[in-house]
Amino acid sequence: MRSIRQFAEWDFSASRSFHPETESLMSSRIEKRPAVKQRVLFSLLMGFVLFTSLVYTKGTEAPENIPSITAMGAEGRLLWQKYNCTACHQLYGLGGYLGPDLTDVMSAPGKGEAYVKAMLSVGSEVMPNYNLSSEEIEALTAFLRYVDSSGNFPERRAIRTWFGAYDIEDD
Ligand code: HEC
């Protein structure tokens, strides 16, 4: 039995005996020329660094100046959960699909606060009327206002750059 130390010190090249032709195929030109090998490794490393810096520095900026949620908005979020609005509505594309996505409803052209309040107080043929109190309606609108200020869905004007990332332009 060989010890680990003996094994580590074992000169494999001495014990290798192949046919001379196989031997010459195995020791490629790169192996014989350390300068070439270094250059190849260096360019691979540079390629990796360049690619990584492009991938991790573009398209990862968070929108600035997102106001934090107000007490009223937080109350609205609890009501959103209590009435399970998400069973039919999506925020940022996530949720049920019976009703429309509400991420931008507070700023959408032709909609906005008065429209949302009207919808919440009377419902429609397909949107249930929850007989909400005026405080509840205020809180739910505050929550939707907060969601609206946090970004857009779907993201508008997403431009694909030449290296595959997306530049998102807000309104
Ligand atoms: C049973 C499914 C369902 C539930 C639950 C529901 N909604 Fe709706 N909602 C709808 C449908 C469907 C519409 C579309 C109504 C229409 O166009 O007549 C709608 C419309 C709306 C609109 C107007 C959206 C627009 O872009 O026109 C708002 C705001 C809204 N709902 C808020 C809520 C809130 C807040 C809750 C929770 C308290 C809620 N909804 C719960 C089905 C639902």
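Our structure's up above, just so we're on the same page.
Residues numbered from 1 in each chain as written. Predicted model: local features only at pLDDT ≥ 70, side-chain atom pairs only at ≥ 80, totals over all residues.

**Focus: the overall build of the protein**
Part 1: Within the protein, the regular secondary structure consists of 8 helices and 4 strands.
Part 2: Traced from its N-terminal end to its C-terminal end, the protein shows the element sequence α-α-α-α-α-α-β-β-α-α-β-β.
Part 3: Taking all 171 residues of the protein together, 12% fall into the buried category.
Part 4: Here the analysis covers contacts within the protein between residues at least 6 apart in sequence; of these, 52% occur between residues at least 24 apart. (Helix = DSSP H or I, 4+ residues; strand = E, 2+ residues; numbered from the N terminus. Buried ≥ 20, exposed ≤ 12 C-beta atoms within 10 Å, placed from the backbone. Contact = placed C-beta atoms within 7 Å.)

**Observations regarding the packing of helix α6 (residues 71–82) against helix α8 (residues 134–149)**
Part 1: Between α6 and α8, the least distance of the axes is 7 Å, while the angle of their chain directions is 100 degrees. Judged by the inter-axis angle, α6 sits roughly perpendicular to α8. Every residue of α8 that contacts α6 at Met72, Gly73, Glu75, Gly76, Arg77, Leu79 and Trp80 is listed here: Glu136, Glu138, Ala139, Leu140, Ala142, Phe143 and Tyr146.
Part 2: Split by residue class, the contact of α6 with α8 holds 8 nonpolar, 2 polar and 4 charged. (Axes fitted to C-alpha atoms, helices over the stretch in contact; angles between N-to-C directions. Parallel < 35°, antiparallel > 145°, perpendicular 65-115°, else oblique. Nonpolar A, V, L, I, M, F, W, Y, C, P; charged D, E, K, R; others polar.)

Shape descriptors only; they carry no functional weight alone.
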